[in-house]
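Chain residues, written in single-letter form:
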Amino acid sequence: MKSFFGVDYYPEHWPIEMMDSDMDRLVDLGVEVVRIGEFAWHIMEKREGEYDFSFFDMVIEKLKKRGIKVIFGTPTATPPAWLINKYPEILQRDENLMPRSFGGRRMYCYNNEVYREYTRKIVTKLAEHYKNEDSIIAWQIDNEFGHEGSDICFCDTCKEGFRKFLKDKYEEIENLNKTWGTVFWSQTYNSFDEIPLPLKTITHHNPSMQLDYRRFMSKSINEYAKLQVDILREVLGNNAVITTNIAGGYFDKNFDHKEMVKHMDFASYDNYPVWGGLKEPITPANIAMDLDFIRGLKRKNFWIVEELMGAQGHTIIGYLPRPNQAKMWAYQAVAHGAQSILFFRYRTATFGTEEFCLGIIDQDNREGRKYKEVKEFFSDVKKYKDLLQSPIKSEIAFLYDYDNIWAWKIQPQSTAFNFKEEMLKIYTAFYKYNTHIDVIDAKDDFSEYKVVVLPVMMIVDENLKNKLEEFTKKGGIVVLTYRTSIKDRNNNLYLGKTMPCNLNQLTGIEVEEIESLQEGQFAYADGKYGRTKCCVMREMINSKGAEVIYTYEDKFYKNKACITVNKFGEGKVYYIGSSVDSDVLSSLAKEIIMEKSIEHFETPFGVEVYSRYYGDKKYLFIMNHTEEEHDVLGIKLMPYDSRIIEVK
Ligand code: GLA
Ligand code: ZN
């Protein structure tokens, strides 16, 4: 797939008289592609069955005259009022069984057959109408599936769907009772039709049931997306280039994102380093990890179909990106594998929910700082299109598993626990040395890497255990953390096994006891790289052969290990039994990077260097994430400066 640069354009939001001058300005800005249509169902079908694509025909004609390509969005994120009023059962139900009212977006139930039928109709009509329109270079399915709390529904359709999902999975009710352990609190079911939705109850629902409900939601959302993929492939055949835009907060959603994009041509992301009431942007490492996660979904470069330029917010406006800061984030994104970028949005809407999701041009309709930054960015990065399409090779992989993430959501065990923050803490330790890192599903093949890191991987099944042993035997380095391998795939604890269950040989340790540490609570440990705080949770570890590099300090636990490293075959396994300080994690990361001779760069805090290769040429992307000046690699960087340099 080639690289294209552009903006998100909503021609339906402006007086028609502005269209030609707007499009001329798109050309001036350096726009090669616009995304249109994703929220325009009513324009295409004002009343049931009255399909009219003439507005977008005109828009596409005018764009074509200017050589501008199109990404067309299927408009299912915003069903029209006439449809919802005719079939109110389409609306999702929240956990109080209240319908989610018309007036927002994505308030439909993914399992509702009526909505699936109307989806089939509008997407088929749309695809048939533009079947031979070659200026449409890609199709975006819906918009940010599952975002803004739309990733869970408790309606009757979902209740029946869940019971069928369980029947298909367990076949006999006894199997479900056994697997879930429903004998606990006398919850044994005599039939699948007795099984409730995980609505509000006294204390909490069965952990296995809750995990299965998230799996059912994931299946529902992914099936709904696949329904649209299939229609586009059927109608458009080989012309179909399909993606969907993934929103931030991907670890907080009830659907497996890798499964979502499996049948699509590439993944797309909406990159907002700051949004809503955030006082400051997320950290540079956090932005990088998000990008690496998206790249890991299909193990290849991806697109950004929404890159922030202006401050954003629905009711609360977020942080104002400083001069060149948003541009710098765009450089960081292309460095990490975004081979095309569209900025959100051409001009700030002057009505509707998103008046304060500021665009490149604001309500004054003048070309200001943001316009200049986008223009500069486009004219610079277009010079490197071949490089941007080159694959990124990493030697370090961070592994995640959605069952595991959902299991932590169901039982966080400490008030201080947050899955993404725990992953980010260790990721940052390696990011600090400007290494390449892939963030991939633990079910993927990771045999090619030198180092794999599995943050808080509670659920470890036989398959993963075998892969880890094989990987380490051959010389790989594995990094595990607290609460590793305590549960099976059904979200139940392993019986009669010492933690980390089934991995005692691999790790050379046994966990004797654990302690949950709440917000603001911590213990201390001391060792190889100096004293560290221990937060969130800690494990009292006995070595069974592993080298102890950190022990706790406090009264009863002086002789208990906190961090260990174990030789296994040609490789090593680090076990970090608590959430320790970042600088200790960085020292461990440096130790591993040096031992495995992994490419890295020492840079001042807040300056990122990312290498990319094209043929025999090497390039460095340099991003200054700070408002200070820095000298790096002999280059004077201004605040929020970004450079692409070829290494001769
Ligand atoms: C998201 C959505 C867009 C818009 C922007 C606002 O990413 O996809 O439709 O809501 O955020 O920032
Ligand atoms: Zn539903």
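The preceding data block contains the structure.
Residues numbered from 1 in each chain as written. Chains lettered and ligands numbered in written order. Predicted model: local features only at pLDDT ≥ 70, side-chain atom pairs only at ≥ 80, totals over all residues. Heavy atoms only, no water.

### Focus on the site of ligand 1
The following threshold applies: Only heavy atoms are used to decide nearness, and a residue is near a molecule or strand if one of them lies within 4 Å of it. By the criterion applied in these results, polar contacts are pairs of N or O atoms within 3.5 Å in which, for protein atoms, one can donate a hydrogen and the other can accept it, and in which residues neighboring in sequence qualify only through two side-chain atoms. Using the Shrake-Rupley algorithm and a 1.4 Å probe, accessible areas are obtained, with residue cover drawn only from the displayed protein chains. Residues are grouped as follows: Ala, Val, Leu, Ile, Met, Phe, Trp, Tyr, Cys and Pro are nonpolar; Asp, Glu, Lys and Arg are charged; all remaining types, including Gly, are polar.
Close contacts around ligand 1 come from 13 residues, with Glu144, Trp275, Glu306, Gln312 and Glu354 the closest. In the environment of ligand 1, an oxygen atom lies 2.9 Å from a nitrogen or oxygen atom belonging to the side chain of Asn143. Between ligand 1 and the protein, one listed contact pairs an oxygen atom with a side-chain N or O atom of Glu306 at 2.6 Å. Taken by itself ligand 1 offers 300 Å² of open surface, and the protein chains cover 98% of this. Looking at the shell around ligand 1 residue by residue, the class counts come to five nonpolar, three polar and five charged.

### Examining the coordination of the zinc ion (ligand 2)
Which entries qualify depends on this criterion: Donor selection uses N, O and S atoms within 2.8 Å of the metal (3.2 Å for Na, K and Ca). Since no water is included, sites may look incomplete. Just to be clear on the cut-offs, tetrahedral is four donors with all angles between 85 and 135 degrees, square planar is four donors and octahedral six with opposite donors over 155 degrees apart and all others between 65 and 115, and anything else goes down as irregular.
Ligation of the zinc ion (ligand 2) by protein atoms is provided by Cys109 (SG), Cys153 (SG), Cys155 (SG) and Cys158 (SG), these donors lying 2.2 to 2.4 Å from the ion. Around the zinc ion (ligand 2) sit four donor atoms, and with donor-metal-donor angles ranging over 99 to 121° the site reads as tetrahedral.

### Description of helix α16 (residues 462–473)
Selection rule: Note on conventions: DSSP H or I runs of at least 4 residues are helices, E runs of at least 2 residues are strands, and numbering of each starts at the N terminus. For a helix, the expected span equals 1.5 Å multiplied by the residue count minus one. Think of it in three bands: with a 1.4 Å probe and only protein chains considered, a residue is buried below 20% of the maximum accessible area for its type, exposed above 50%, and partly exposed in between. The contact rule is simple, with two residues in contact once any of their heavy atoms fall within 4.5 Å.
Over its 12 residues, α16 extends 16 Å from the first C-alpha to the last, a length consistent with the 16 Å expected when each residue adds 1.5 Å. Along α16, the residues classified as buried are Leu464, Lys465, Lys467, Leu468, Glu469, Phe471 and Thr472. Against the buried residues of α16 lie β12 (451–454), β13 (477–481), α17 (504–507), β18 (561–568) and β19 (571–576). Gly475 sits one or two residues past α16 and shows a positive phi near 115°.

### Re the sheet that holds strand β21 (residues 607–614)
For the record, the criterion: By definition, two strands form a pair when at least two bridges between them are found by DSSP. Structural elements are reduced to axes, namely lines fitted to C-alpha atoms, with helices fitted over the stretch in contact, and the angle between N-to-C directions of any two is expressed from 0 to 180 degrees.
The strand order across the open sheet built from three strands is β21-β22-β25, with neighbouring strands paired in antiparallel fashion. Each edge of the sheet is formed by a strand with only one pairing partner; in this case those strands are β21 and β25 (642–647). Strand after strand, the sheet turns through a mean of 20° between neighbouring axes, direction not considered. Pairing geometry for β21 and strand β22 (residues 617–624), over eight bridges, is antiparallel. The partner of Tyr610 across the bridge, within β22, is Phe621.

### Section: the sheet that holds strand β9 (residues 338–344)
Pairing in this open sheet of nine strands is parallel, and the strands run β5-β4-β3-β2-β1-β9-β8-β7-β6 from one edge to the other. Across the chains shown, the open sheet's two edge strands, defined by having one partner strand only, are β5 (242–243) and β6 (245–246). Two strands pair when backbone bridges link them, and strand β7 (residues 268–271) and strand β8 (residues 302–308) are joined in this way by four bridges, in the parallel orientation. In the strand pairing of β8, Ser268 is matched with Trp303. Those strands touched by helix α10 (residues 284–297) are β6, β7 and β8, and its axis lies near 165° from that of β7.

### A few points about the nonpolar core
Basically, it comes down to this: Definition used in this section: a nonpolar core is a set of buried Ala, Val, Leu, Ile, Met, Phe, Trp, Tyr and Cys residues joined via side-chain atoms within 4.5 Å.
Core analysis: the largest hydrophobic core is formed by 190 residues, its most contacted members being Tyr9 and Phe72. Leave out the neighbours within four places in its chain, and Phe72 touches Ile36, Gly37, Met44, Phe56, Ile60, Leu126, Tyr130, Ile136, Ala138, Trp139 and Gln140. The next biggest cluster of nonpolar side chains, apart from the first, holds 21 residues, and it includes Cys153, Phe154, Cys158 and Leu176.

### Some details on empty space enclosed by the protein
Our working rule: Using a grid of 1 Å spacing that covers the protein atoms alone, one calls a set of points a cavity when a 1.4 Å probe fits there but cannot get out, and a pocket when the set is open and has protein on both sides within 12 Å along at least five of seven lines; lining residues are those with an atom within 4 Å of a point. Grid points are joined across faces, edges and corners, and a volume is the space filled by probe spheres set on the points.
On inspection of all chains with the given rule, the structure shows two cavities of 30 Å³ or more. Along its surface, the largest cavity is lined by Glu422, Lys425, Ile426, Pro455, Val456, Thr481, Tyr482, Ile576, Ser578, Ser579, Val580 and Leu585. When residues of the lining of the largest cavity are traced back to their parent elements, those giving at least two are α15 (419–431) and β20 (578–580). Here the residues of the lining of the largest cavity are counted per class, giving seven nonpolar, three polar and two charged. In this structure, the second largest cavity spans a volume of roughly 60 Å³. If you go around the second largest cavity, the residues you meet are Ile426, Ala429, Phe430, Val479, Tyr574, Ile576, Leu585, Leu588, Ala589 and Ile592. Elements represented by at least two residues in the lining of the second largest cavity include exactly α15, β19 and α18 (582–595). Among the elements that take part in the lining of the second largest cavity, α18 stands out by supplying four residues, more than any other. By residue class, the composition of the lining of the second largest cavity is 10 nonpolar, no polar and no charged.

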